[in-house]
Amino acid sequence: MIDSDDARSEDRPHPAAPWWWGLGPIGAVGLVVLGIAAALWSFLHLPGTAENQATDYYRASKVVAIGLVVAGTALLGRIRTRASDKEATATREHEAA
């Protein structure tokens, strides 16, 4: 393999990874806020809204849903990490005793 191929594979774990792959919890909150703002923008009929508001609401709901999934995944990963750390600590204390 060429060195540049190794660098590319480290940036993205899978070649078909989605655009929101590495956002993290802060990016997830940003997506939720952006989706809610887009829904409000459409609700208030501000410039740039489509004639069919259902289309705008659908797009906004997709952004909110992606944000919620990313946030839930980050939260679940954090909970699992804490649980495994507690188990490792309890095992070390048990072995030391």
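Before any of the text, the structure's been laid out above.
First things first, this report covers the structure right here in the doc. (Residues numbered from 1 in each chain as written. Predicted model: local features only at pLDDT ≥ 70, side-chain atom pairs only at ≥ 80, totals over all residues. Heavy atoms only, no water.)

Let's talk about the overall build of the protein
Across its full length, the protein holds three helices and zero strands. When the helices and strands of the protein are placed in sequence order, the string is α-α-α. For the protein, the proportion of its 97 residues judged to be buried stands at 11%. Sequence-distant contacts, at least 24 apart, represent 54% of the contacts inside the protein between residues at least 6 apart. (Helix = DSSP H or I, 4+ residues; strand = E, 2+ residues; numbered from the N terminus. Buried < 20%, exposed > 50% of the residue type's maximum accessible area, 1.4 Å probe, protein only. Contact = heavy atoms within 4.5 Å.)

Some thoughts on helix α2 (residues 24-43)
For α2, built from 20 residues, the straight-helix expectation of 28 Å at 1.5 Å per residue is met to within 8% by its first-to-last C-alpha distance of 29 Å. By the burial criterion, the buried members of α2 are A28, L31, V32, G35 and S42. All buried residues of α2 fall inside an arc of 95° around its axis, so they share one side. Exposed and oriented more than 90 degrees from the buried face of α2 are I26, V29, V33 and L34. Where α2 ends, the next residue or the one after it, H45, has phi of about 55°, a positive value. (Expected span 1.5 Å × (residues − 1). Arc of directions from axis to C-beta.)

Comments concerning the side chain of S42
Mapping S42 onto the fold places it in helix α2. You can call S42 buried: its relative accessible area is 1%. Contact partners of S42, with chain neighbours within four places excluded, come to T49, Q53, D56 and Y57.

With respect to the environment of V32
Inspection of the secondary structure assignment puts V32 in helix α2. Along the sequence, V32 and A71 sit 39 residues apart, while their C-alpha atoms lie 9.2 Å from each other. In contact with V32, not counting residues within four places along its chain, are V64, G67 and L68.

Thoughts on unusual backbone geometry
Glycine aside, residues mostly have negative phi angles, and peptide bonds mostly take the trans form. Although it is not a glycine, H45 sits at a positive phi angle of roughly 55°. Overall, H45 belongs to the exposed group, its relative accessible area being 57%.

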